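Listed here are the chains, written in short residue letters.
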Amino acid sequence: MGDVVQMHFSTVDYVIFVVLLVASAGIGLYYAFSGGCQRTTQEFLLADRSMRCLPVSLSLLATFQSAVAILGAPSEIYTHGTQYWFLGCSYFLGLLIPAHIFIPVFYRLRLSSAYQYLELRFSKSVRICGTVTFIFQMVIYMGVVLYAPALALNAVTGFDLWGAVMAMGLVCTLYTALGGLKAVIWTDVFQTIVMFAGQLAVIIVGTHQAGGIAEVWRKAQNGSRISGLDLNPDPLERHTFWTLGVGGIFLMLALYGVNQAQVQRYLSSRTEKEAIMSCYVVFPCQQIVLTLGCLMGLVMYARYGEESPLDQGYVNSNDQMVLYFVMDVLKDLPGLPGLFVACLFSGALSTISSAFNSLATVTMEDLIKPHVRPMTEARATLLSKMLALAYGLVCLAMAYIASLMGSVLQAALSIFGMVGGPLLGLFCLGMFFPWANSTGALVGLASGLVMAFWIGIGSFVSRMSASASPMINATVIPDVGNMTIAVMTTLITPKPRPSGVQALYSLSYMWYSAHNSATVVVVGLLVSFLTGPWKEKELNPGTIYPVLGNLLFFLPQRYREKLCCVTPLEDNSKGLDHQPYQMAQKESNGVAYTKEEDKLRDEEGEKITAQPTCNLAHTVQETAL
């Protein structure tokens, strides 16, 4: 490793890094002992539904921008050029669709967990399958997010590996378990500012040392790193405008539309309008983040040219290259390396804390409350905090397992990505197709997961078996579900063009989410028609978004009735407002309410069950079972 061993932190760097951890823990302690002191599940899991637009949007951004992305994006630009920047084209629709379709449905049903929607729309079994799939997805990813930046830091600076892992894991667990979602969101705001500051410091100093931005651009152009618009429609090409700009939309929907970590932030907003605005605010912030990653990659190229630290043997993998560059550029400026490492670990902390909180929420709301005797609010809140603490310890255990996995880390990241698409397909099946039934949803989800694992694992195995080929330099590591798309190493697609099953294995990872969600929808609809499609009038109000009704507005009403696309979303929410879920929740969630709330809920429930067009009474009975 040569030069790398001599790159060590100064005292100032260590101080800045410790200040980050102390400040994060301090925010958690503040919210643990202020306001309502996290005494209710509503406050602990949903911040009392009192958050404003700006902190929610910055928290959405922080969850998106993990440490793996901070390390991966500049390496991708350095190696392949700026084609990756076209991912930004997918952000617009990827945020516009959640803002105007998913958020109104989730918010008006007053859910705590996105998977409660699946029970209201389909059945309890679909809800449990969705929840278990999400838990599997997040638990695997948590350990990787915690371990990967610590490993890179250790390799480049000699920073104690397990000291970094334990510090991050324990601080994150502390403020998440004590301060709840409000602490998670406000630490995300703080950590987002640190991330921007760290990246800007590196770009400004690196650009100055390279001779200015014009010189950086000239060297990048001479090195063919400034990419044009690649309109090649081939889905096997790793990065083109279509794979990034169109395939990326489905990746964004999997994250910002149905991922519990993000949905929980929408639900914590004071109003539906503020939840929608948070999506609009995060759009320009994401463009800035993407541009910063691209600029850092170009500055790296201006410094090293074709002689990368990886080729020179200074680092062992692409994910360590960014840290090596940072330590190299900032070695004469004490404090700035510490600022970038604080930026890197802020990305990890924000992603992991979101995972803890969302996992505690779905475990509590979907797996515990419906299946236990009624408990007091205090006991339910204590149990939620214990769950957040337990998932923190699981995260540390997963980081240890990740350290033993070696190259299987690539498979772990791929597994995370493979799960996002089928979950997106399940929610789309329920929200857009009124005739889809519970059996179709279950079979569709199973088919989507089988297809996802078949392609993902088959692709991984085929690359490993071909690793002796001189055409393969290394392997892609996609992270589809959480959009922290980290290309730690790179695949050069072999020629000639693959065919048959091999072509399926060579599908660009940017199309995974679209392919797998489409599989769920197609199989789900076929099975629903074969087993008896549901009618729109049999469904719970507010669980269908009238996308077909809007598209087929020109058809006469009787034909639209036959196609189940008549009832608009607004009619289902007005009058009934938030009653449908509250009715089911009263029977199933096990939390004891006040007498006044019980009386009000009973009165509301009688009004709803009196409606002949809704099968809510059946849902409540099924839920109570």
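A quick note: this is a predicted structure, and the numbers were derived from the prediction, not measured. (Residues numbered from 1 in each chain as written. Predicted model: local features only at pLDDT ≥ 70, side-chain atom pairs only at ≥ 80, totals over all residues. Heavy atoms only, no water.)

(A) Expanded view of the overall build of the chain. Secondary structure assignment for the chain yields 26 helices and 0 strands. Classification of the 625 residues of the chain by burial places 62% in the buried group. A separation threshold of at least 6 residues defines the contact pool for the chain, and within that pool the share at least 24 residues apart is 84%. Of the roughly 23100 Å² that the chain leaves accessible, carbon and sulfur atoms contribute 66%. (Helix = DSSP H or I, 4+ residues; strand = E, 2+ residues; numbered from the N terminus. Buried < 20%, exposed > 50% of the residue type's maximum accessible area, 1.4 Å probe, protein only. Contact = heavy atoms within 4.5 Å. Areas by Shrake-Rupley, 256 points an atom, 1.4 Å probe, with all protein chains shown as cover.)

(B) Seen up close, the pattern of salt bridges. What the rule picks out here adds up to 11 salt bridges. In this structure, E306 and R225 form a salt bridge, with 3.6 Å as the shortest nitrogen-oxygen distance. Here E306, found in the loop between α13 (272-304) and α14 (318-329), pairs with R225, found in the loop between α9 (213-222) and α10 (241-245); they are 81 residues apart in sequence, far enough to count as distant. According to the relative accessible area criterion, E306 is exposed, its value standing at 51%. Among the ionic pairs, K331 bridges to D328, the shortest N-O distance being 2.9 Å. Classification of K331 as exposed rests on a relative accessible area of 53%. (Salt bridge = Lys/Arg side-chain N within 4 Å of Asp/Glu carboxyl O.)

(C) Looking closely at the environment of M277. Within the element layout of this structure, M277 appears in helix α13. Considered as a pair, M277 and R52 are 225 residues apart in the sequence and their alpha carbons are 9.6 Å apart.

(D) Just the packing of aromatic side chains, in detail. Under the definition given, this model contains 20 aromatic pairs. Ring centres of F433 and W435 lie 6.1 Å apart, and the angle between their planes is 65 degrees; on these two criteria the pair is classed as edge-to-face. Like W435, F433 is buried. Taken together, the ring pairs in this structure connect F102, F106, Y115, Y117, F134, F427 and F432 into an aromatic cluster. (Phe/Tyr/Trp six-rings, centres within 6.5 Å; stacked < 30°, edge-to-face > 60°.)

(E) Quick peek at the packing of helix α1 (residues 11-32) against helix α8 (residues 161-210). At a closest axis distance of 7 Å, the pairing of α1 and α8 adopts a crossing angle of 105 degrees. Judged by the angle between their axes, α1 and α8 are roughly perpendicular. (Axes fitted to C-alpha atoms, helices over the stretch in contact; angles between N-to-C directions. Parallel < 35°, antiparallel > 145°, perpendicular 65-115°, else oblique.)

(F) Summary view of the environment of T133. Summarising the element assignment, T133 is placed in helix α7 (residues 124-157). Its relative accessible area of 9% is what places T133 among the buried residues. Separated by 316 residues in the primary sequence, T133 and L449 place their C-alpha atoms 9.3 Å from one another. Beyond its immediate stretch of four places on either side in the chain, T133 contacts V419, L423, L445 and L449.

(G) Representation of a nonpolar patch on the surface in the model. A grouping of W162, M166, L170, Y400, I401 and L404 is seen on the molecular surface, where their side chains present a nonpolar patch of about 590 Å² in accessible area. Relative to the helices and strands, L404 resides in helix α16 (residues 377-405). The exposure class assigned to L404 is exposed, which follows from its relative accessible area of 59%. (Patch = residues over 30% accessible without salt bridge, like charges linked within 9 Å, V, L, I, M, F, W, Y side chains within 5 Å.)

(H) Highlighting the environment of F136. Mapped onto the elements of the fold, F136 is located in helix α7. C-alpha of F136 to C-alpha of V419: the two residues are 283 residues apart in sequence and 8.8 Å apart in space.

(I) The arrangement of the confidence of the model for the chain in detail. Mean pLDDT over the chain stands at 77; residues scoring 70 or higher make up 79%. The low-confidence segment residues 470-494, where pLDDT is below 50, has 91 contacts with residues more than four positions distant or belonging to other chains. Per-residue pLDDT stays below 50 along residues 571-625; that stretch engages in 79 contacts with residues further than four places along the chain or on separate chains. (pLDDT = per-residue confidence, 0-100.)

(J) Helix α20 (residues 512-531), seen in detail. Helix length check: α20 (20 residues) gives 28 Å between terminal C-alpha atoms against 28 Å at 1.5 Å per residue, within 8%. Positive backbone phi, approximately 105 degrees, marks G532, located one or two places after α20. (Expected span 1.5 Å × (residues − 1).)

(K) Representation of the packing of α8 against α13. Viewed as axis vectors pointing N to C, α8 and α13 meet at an angle of 35 degrees, and their least axial separation amounts to 9 Å. Crossing angle aside, the handedness with which α8 passes α13 is left-handed. In this structure, α8 uses F196, Q199, L200, V202, I203, G206, T207, Q209 and A210 to contact α13, whose residues at the interface are C285, I288, V289, L292, L295, M296, V299, A302 and R303. (Left-handed = near helix turned anticlockwise from the far one by under 90°.)

(L) Representation of helix α11 (residues 247-256) in the model. Counting buried residues in α11 gives 9 out of 10 residues, a clear majority hidden from the surface. Among all positions in α11, only G247, G248, I249, L251, M252, L253, A254, L255 and Y256 are buried.

(M) Geometry of the state of the cysteines. Here the structure, examined in full by the defined rule, presents 0 disulfides. Its sulfur unpaired, C172 is 7.3 Å from the next cysteine sulfur, which belongs to C395. When its relative accessible area of 0% is taken as the criterion, C172 is described as buried. The exposure class assigned to C395 is buried, which follows from its relative accessible area of 0%. (Disulfide = S-S within 2.5 Å.)

(N) How the structure looks around the side chain of S308. Residue placement: S308 occurs in the loop between α13 and α14. The buried category is assigned to S308, whose relative accessible area is 5%. Setting aside residues no more than four positions away along its own chain, S308 makes contact with Y78 and M321.

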